[in-house]
Structures are given as structure tokens and as C-alpha cells.
Amino acid sequence: MHNPYAAPQAGLELPFAPVGEARLFSWNSRIGRWRFVAYCMLGAPVALLYALALGTAFGTAWVQQYIPLQSGLHDALSFSVPLVFLLAIVLATRRRLHDFDVSSWWALLLLFPFLQIIFLIYLLIAPGTPEANRFGAVPAPADLGVKLGVALGCALSLAFTALRFL
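Summary of the structure given here. (Residues numbered from 1 in each chain as written. Predicted model: local features only at pLDDT ≥ 70, side-chain atom pairs only at ≥ 80, totals over all residues. Heavy atoms only, no water.)

Some points on the overall build of the chain
Of the regular secondary structure elements, the chain holds five helices and zero strands. Burial status across the chain gives 28% buried among its 166 residues. For the chain, the exposed area adds up to about 11700 Å²; of that, 73% sits on carbon and sulfur atoms. (Helix = DSSP H or I, 4+ residues; strand = E, 2+ residues; numbered from the N terminus. Buried < 20%, exposed > 50% of the residue type's maximum accessible area, 1.4 Å probe, protein only. Areas by Shrake-Rupley, 256 points an atom, 1.4 Å probe, with all protein chains shown as cover.)

In C-alpha cells, the structure reads:
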């Protein structure tokens, strides 16, 4: 006889994205070490393009009529350039912490300069959990495009650093 008051027999696990499916704009998934570096470096070209557009706009005479270079709006727009890069790092850090099966509140360590370096090195070196955890399935392995993106990002960072000393 069927009991209508019995506990349900269905599994209540959440369906995860299959392994091998990488999503760039995901808030709660996991990423591996290579994608962490690639996603962090994704903010650098965006911030650079924004800075070039902002510098070009403020270099024109018609913009200087309305927004002088000593104004607070100019300072606010110029300050927003590093925020783009910081946002990319914080979002990638959240997903990397999910790979360790820990809360994303640990990303607050990025607010302390000395701990920031140690924490980022740990995120680059430590492996994630080898099986599925509460944040999703095992992250997709890095393909050639991700590795080329990391290499290109490192090369651009070194090139801009070298230009600083010329």
C-alpha cells in the first residue's frame, strides 16, 4: 500500500555543470589555477583600454571645457581604472576559494597588503579538492587557449614593467 505521508524518495542533490564546461561569468562555480591566473589577467587589458579611452577623451579640447583636469570628476574616473582590475581579481578569487571548498569570505585577506601577497601565492600553488564539493564539479582542465592567455598576460606585464624603466 502507498503511504502518501512518507518521505520523498528522490535525490535532492543540486545538478552541477559537467566537468569540461568552463563558464567565464559564473558566480558560484569553481576554477583551477590556470584559469585563476587567466581571469585575473583579464582585468588588465580591460583597465588598459579604459585608461587609454579616458586619457584620449581628457586630452581633447572639447572635453576639457566641461571637465577640467583638476576636477573631482576627472579624479573619480581615473580612480575607477584600478577598480576594474580589482573586481576581476576578487571575482576570480571567490571562484578559486570555492575550488578549495571554503567560504568566499576568505577573499577579505586581499584587503591587507602583506597578507595579500602570501594569499595570492597560496591560491596559485595549492591544488583544489580532487572531487566534487558543495560548489560544483571538478573544474575543467586548462586548454591551450587558457595557457596562451596566461603567457600573453605575463608577457604584457613584463613588457609594461620594462617600458617603465626605459
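Picking up after the structure, the text goes on.
Let's talk about the nonpolar core
In this structure, Phe36, Ala92, Leu97 and Leu123 are the most contacted members of the largest nonpolar core, which totals 17 residues. Elements with a contribution of two residues or more to this core: α1 (33–59), α3 (72–99), α4 (113–125) and α5 (144–164). Ranked by the residues each element gives to this core, the list is headed by α1, at five residues. Dropping the residues within four chain positions of it, Phe36 is found in contact with Ile31, Ala92, Thr93, Arg96, Leu120, Leu123 and Leu124. (Core = buried A, V, L, I, M, F, W, Y, C linked by side-chain atoms within 4.5 Å. Contact = heavy atoms within 4.5 Å.)

Points about the pattern of salt bridges
Summed over the entire model, instances satisfying the criterion amount to three salt bridges. Measuring nitrogen to oxygen at the nearest pair gives 2.6 Å for the salt bridge that ties Arg30 to Asp99. Taken together, the residues span a long stretch of sequence, with Arg30 in the segment before α1 and Asp99 in helix α3 at a distance of 69 residues. This pair shows no difference in class: Arg30 is buried, exactly as Asp99 is. When salt bridges that share partners are traced, they join Arg30, Arg96 and Asp99 into one network. (Salt bridge = Lys/Arg side-chain N within 4 Å of Asp/Glu carboxyl O.)

Brief notes about the environment of Cys154
As for its placement among the helices and strands, Cys154 is situated in helix α5. A relative accessible area of 34% places Cys154 in the partly exposed class. Once the C-alpha coordinates of Cys154 and Met41 are considered, the two residues, 113 residues apart in sequence, prove to be 8.3 Å apart.

Focus on the packing of aromatic side chains
Under the defined criterion, the tally for this structure stands at one aromatic pair. With centroids separated by 5.5 Å and ring planes inclined at 40°, the aromatic side chains of Phe100 and Tyr122 adopt a geometry described as tilted. Of this pair, Phe100 sits in the loop between α3 and α4 while Tyr122 sits in helix α4; the two residues are 22 residues apart in sequence, bridging distant segments of the chain. Its relative accessible area of 46% is what places Tyr122 among the partly exposed residues. The ring of Trp34 has Lys147 sitting right over it, with the charged end atom 5.4 Å from the ring centre. (Phe/Tyr/Trp six-rings, centres within 6.5 Å; stacked < 30°, edge-to-face > 60°. Lys NZ or Arg CZ within 6 Å of the ring centre and 35° of its normal.)

Describing the environment of Ala92
Topologically, Ala92 is positioned in helix α3. Residue Ala92 is classed as buried on the basis of its relative accessible area, which comes to 2%. Along the sequence, Ala92 and Met41 sit 51 residues apart, while their C-alpha atoms lie 9.9 Å from each other. Filtering out sequence-adjacent residues up to four positions away, Ala92 remains in contact with Ile31, Phe36, Tyr39 and Cys40.

Nothing here speaks to function; it is geometry throughout.
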